Amino acid sequence: ITALSLATFRMVGGALCFWIASLFIKHEEVKPHDLMLLFFAALFAVVFNQGTYIFGLSLTSPIDASIITTTAPIATLILAAIFLHEPITGKKIGGVFLGAIGALIMILGSNAATGGNSSNALGDLLCFTAQVSFAAYLTFFKGLPVKYHPVTCMKWMFTYAAICFIPFSYSEVSVIPFAEVGWKTWGEVAFVVVCSTFMSFLLLMTAQKVLRPTVLSMYNYMQPIVASVVSVIMGIGTFGWMKGLAVALVFSGVYLVTQSKSRAQMLKEMEEKSRNHQE
C-alpha cells in the first residue's frame, strides 16, 4: 500500500465514518453557499494538505519534511494577522519561537528521522505548500464549525476531498493485490482511518469553535513529542535530557500562545479603558 493509496483510504474512509456518524446527530440543511465554502475548505485542509505533503515526502528526506512541518504555526500567525487582523504580540512570537526550537530539537535528535531520500528542493517546496494550505484553512474557514455541527462539516469536506483525490490515485489503488494484504496491514490502515483521521479531524473541528487559528496550529509541535514517546514505549527509541528540554520548550511555547490576547480581547480592554476614562 503506497503513501498515495493510504491517503485515498483516509479520505474515502473518513467520508464513510463521518456519514455514518451523521446518522446519530440532528440532521442539518447546509446552504448552497456554505457547501461551496466546504468544498474549498476540503481542498485546503485535506486535498492540498495531505496530497502535496505526500508527493513532497516521496521526493525529499523525512527529516526535511519533519522540519518543514514546524512552519505551520508561523504561517498561521502571519495569515491570521493579515486577514483576521489578529495582533502579533510578544507572547505569540515568543511562543511560536520556543515551540519551533523545541520541535527542531526533537526532530534533529530523533534516531527515527535519519535515512530515506536526500534533500530535494521541489519536495521541500511541496511540503511547505502543505503547511501553508492547512494554515489557510484554519484562518479562512473558522466560521464553518461555529455555524454547523463538526460532523456535518467533515462529512461534506471528506466527500469532496475523496472526489477530488481519487482521479489522481486510482491507478495506484487499482493495482494493490488486495487478496495478499494481511490482516495486520488492514488493522494499521483501519487505525489510520478511524483514529488518525476520523477522530483527529472531529476533535480539530470541535476545537475550532473556541480556539484561535494560531493557538490551534501551535499543537502541531506536539506531533514529534508524541512520536518520540510512542517510540520509547515500543522500545525503538530512547528519551534523554535533550528530548526532555524539547518537551519543556514546546509546552512553554504552547502556553505562551494560549495566554496571548486576541483582537477581540484587546478591543474589549480598549473599550473598558475608554469608558473608565469618560467616567
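Note that the structure is predicted; figures quoted are calculated from it, not measured.

Here's the deal with helix 6 (residues 121-140)
The first and last C-alpha atoms of helix 6 sit 28 Å apart over 20 residues, in line with the 28 Å expected at 1.5 Å per residue. Buried within helix 6 we find Gly-123, Cys-127, Ala-130, Gln-131, Ser-133, Phe-134, Ala-135, Ala-136, Tyr-137, Leu-138 and Thr-139.

Comments concerning the nonpolar core
Tyr-137, Met-154 and Met-157 are the most contacted members of the largest nonpolar core, which has 36 residues in total. Counting only elements with at least two residues in this core, the list comes to helix 1 (3-22), helix 2 (32-59), helix 6, helix 8 (150-174) and helix 9 (183-207). At nine residues, helix 8 tops the list of elements feeding residues into this core. Counting 17 residues, the second-largest nonpolar core is a separate cluster that includes Ala-103, Tyr-221, Ala-246 and Val-247.

With respect to the environment of Ile-93
Along the polypeptide, Ile-93 turns up in helix 5 (residues 90-108). The class for Ile-93 is partly exposed, based on a relative accessible area of 46%. Put simply, Ile-93 and Ile-74 are 19 residues apart on the chain and 8.7 Å apart in space, counted from C-alpha to C-alpha.

Here we look at the pattern of salt bridges
Under the criterion given, the structure shown has three salt bridges. Linking Lys-147 and Asp-34 is a salt bridge whose minimum nitrogen-to-oxygen distance equals 2.8 Å. One end of the pair, Lys-147, is in helix 7 (residues 144-147); the other, Asp-34, is in helix 2, and 113 residues separate them in sequence.

Here we look at the packing of aromatic side chains
Considering all chains together, one arrives at 14 aromatic pairs under this definition. Between Phe-18 and Phe-198 the ring centres are 4.8 Å apart and the planes differ by 55°, which places this aromatic pair in the tilted class. Pair noted here: Phe-18 is in helix 1 and Phe-198 is in helix 9, with a separation of 180 residues, a long-range link. As far as the burial class goes, Phe-18 and Phe-198 line up, both buried. Relative to Tyr-160, the ring of Phe-39 has its centre 5.5 Å away and its plane inclined at 85°; by these criteria the two rings are edge-to-face. Of this pair, Phe-39 sits in helix 2 while Tyr-160 sits in helix 8; the two residues are 121 residues apart in sequence, bridging distant segments of the chain. Here a set of aromatic residues connected by ring pairs shows up, and it is made of Trp-19, Phe-39, Phe-40, Trp-156 and Tyr-160.

A few points about helix 11 (residues 222-233)
Three or four residues apart is the spacing at which side chains of an α-helix point the same way, because the helix has 3.6 residues per turn. Helix length check: helix 11 (12 residues) gives 17 Å between terminal C-alpha atoms against 16 Å at 1.5 Å per residue, within 8%. Those residues of helix 11 that fall on the buried side of the exposure criterion are Met-222, Pro-224, Ile-225, Ser-228 and Ser-231. At the C-terminal side of helix 11, Gly-235 shows a positive phi close to 80°.

Some points on the confidence of the model for the protein chain
Caution applies to low-pLDDT regions: their predicted coordinates should not be interpreted in detail. Per-residue confidence for the protein chain gives a mean pLDDT of 83, with 87% of residues at or over 70. Contacts of residues 111-116 to residues separated by more than four positions or lying in other chains number four contacts, the stretch itself having pLDDT below 50.

With respect to the packing of helix 8 against helix 9
Where helix 8 contacts helix 9, the two axes come as close as 9 Å, and the packing angle between them is 125°. With respect to their mutual orientation, helix 8 and helix 9 come out oblique. Between helix 8 and helix 9 lies a crossing whose hand is right-handed. Judged by residue contacts, Pro-150, Val-151, Cys-153, Met-154, Met-157 and Phe-158 of helix 8 engage Thr-197, Phe-201, Leu-202, Met-205 and Thr-206 from helix 9. Partitioned by chemical class, the residues of the contact of helix 8 with helix 9 number nine nonpolar, two polar and no charged.

Rules behind the numbers
Residues numbered from 1 in each chain as written. Predicted model: local features only at pLDDT ≥ 70, side-chain atom pairs only at ≥ 80, totals over all residues. Heavy atoms only, no water. Helix = DSSP H or I, 4+ residues; strand = E, 2+ residues; numbered from the N terminus. Expected span 1.5 Å × (residues − 1). Buried < 20%, exposed > 50% of the residue type's maximum accessible area, 1.4 Å probe, protein only. Core = buried A, V, L, I, M, F, W, Y, C linked by side-chain atoms within 4.5 Å. Salt bridge = Lys/Arg side-chain N within 4 Å of Asp/Glu carboxyl O. Phe/Tyr/Trp six-rings, centres within 6.5 Å; stacked < 30°, edge-to-face > 60°. pLDDT = per-residue confidence, 0-100. Contact = heavy atoms within 4.5 Å. Axes fitted to C-alpha atoms, helices over the stretch in contact; angles between N-to-C directions. Parallel < 35°, antiparallel > 145°, perpendicular 65-115°, else oblique. Left-handed = near helix turned anticlockwise from the far one by under 90°. Nonpolar A, V, L, I, M, F, W, Y, C, P; charged D, E, K, R; others polar.

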